[in-house]
Amino acid sequence: MLSSRHVSFSESVPAPPELAKAYEVVPEDANKRMEAADRLLSELRQMLQKVTEGSTELAEAGQTIAERGDRLVDLLGYVQEAKRHATEMQTSIGDIQVNAKRLQKASQASIGLLEATVAASKPVERGRTPRER
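Visitor: Which parts of the structure should I look at to understand the overall build of the protein?
Guide: The number of helices and strands found in the protein is three helices and zero strands. Shown N-terminal to C-terminal, the secondary structure of the protein runs as helices and strands in the order α-α-α. Out of the 133 residues belonging to the protein, those deemed buried represent 5%. When the accessible surface of the protein is split by element, carbon and sulfur atoms take 59% of a total near 12000 Å².

Visitor: What is the right way to read the pattern of salt bridges from this model?
Guide: Two side chains that carry opposite charge are able to pair once their charged atoms sit near each other. Applying the stated rule across the entire model yields one salt bridge. Salt-bridge contacts for Glu88 lead to Arg84; the nearest nitrogen and oxygen are separated by 3.2 Å. Pair noted here: Glu88 and Arg84 are both in helix H3 (residues 30–121), with a separation of four residues, about one helical turn. Judged by its relative accessible area of 44%, Arg84 falls in the partly exposed class.

Visitor: For this particular structure, what's the right way to read the confidence of the model for the protein?
Guide: The pLDDT averaged across the protein works out to 79; a share of 74% of its residues lies at or above 70. Taken element by element, the predicted model of the protein shows its lowest mean pLDDT in helix H1 (residues 9–12) (52) and its highest in H3 (88).

Visitor: Please clarify how a nonpolar patch on the surface should be interpreted in this entry.
Guide: Among the surface-exposed residues, Leu72, Leu75, Tyr78 and Val79 lie close enough to one another that they form a single nonpolar patch of about 420 Å² accessible area. Summarising the element assignment, Leu75 is placed in helix H3. The class for Leu75 is partly exposed, based on a relative accessible area of 47%.

Visitor: Quick question: what am I supposed to make of H3 here?
Guide: In an α-helix, one full turn covers 3.6 residues, which means residues spaced three or four apart are oriented alike. With 92 residues, H3 should cover 136 Å at 1.5 Å per step; its first-to-last C-alpha distance of 133 Å lies within 8% of that length. Listed as buried for H3 are Leu40, Met47, Gly54, Ala61 and Thr64.

Visitor: Honestly, the environment of Ser107 in this entry has me stumped. Any pointers?
Guide: Examined against the element boundaries, Ser107 turns out to sit in helix H3. With a relative accessible area of 35%, Ser107 lands in the partly exposed category. At 2.8 Å, the side chain of Ser107 forms a polar contact with the backbone oxygen of Gln104.

Cut-off values and rules
- Residues numbered from 1 in each chain as written.
- Predicted model: local features only at pLDDT ≥ 70, side-chain atom pairs only at ≥ 80, totals over all residues.
- Heavy atoms only, no water.
- Helix = DSSP H or I, 4+ residues; strand = E, 2+ residues; numbered from the N terminus.
- Buried < 20%, exposed > 50% of the residue type's maximum accessible area, 1.4 Å probe, protein only.
- Areas by Shrake-Rupley, 256 points an atom, 1.4 Å probe, with all protein chains shown as cover.
- Salt bridge = Lys/Arg side-chain N within 4 Å of Asp/Glu carboxyl O.
- pLDDT = per-residue confidence, 0-100.
- Patch = residues over 30% accessible without salt bridge, like charges linked within 9 Å, V, L, I, M, F, W, Y side chains within 5 Å.
- Expected span 1.5 Å × (residues − 1).
- Polar contact = N/O pair within 3.5 Å; in protein donor to acceptor, adjacent residues only side chain to side chain.

Laid out in structure tokens, this is it:
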């Protein structure tokens with residue numbers, strides 16, 4: 001995984017050795033030439049190690065980004081499915097509202113019919129109709 005500390009390459013990678021300067025003055029003494037060559041090889045090794053570490057971090061970053069992209073694609077699919085279910089639910093709610101209105105009208109008609117039936121079933125008092133009571 002990527003390290004939590006983000007560093008720019010200018011901070012973490014040492015400047016490359018200046019090869020031209022290293023060869024401008026070649027020491028006459030063989031031991032000093034060996035020491036200069038050893039220093040140069042050591043600097044090159046360090047630089048190659050940093051380049052390798054940097055490329056590994058970049059590869060890991062690329063992998064992380066790809067994984068996040070896959071997750072985003074999955075999330076998009078879930079959102080689209082949720083939208084589809086919401087649309088289906090709206091349709092169902094519309095049907096339920098229509099049926100509820102029908103039931104309400106039917107119950108109101110039934111209440112009116114029930115009132116008329118009850119009123120008609122009451123015994124008539126002498127000289128008065130059910131509506132006059």
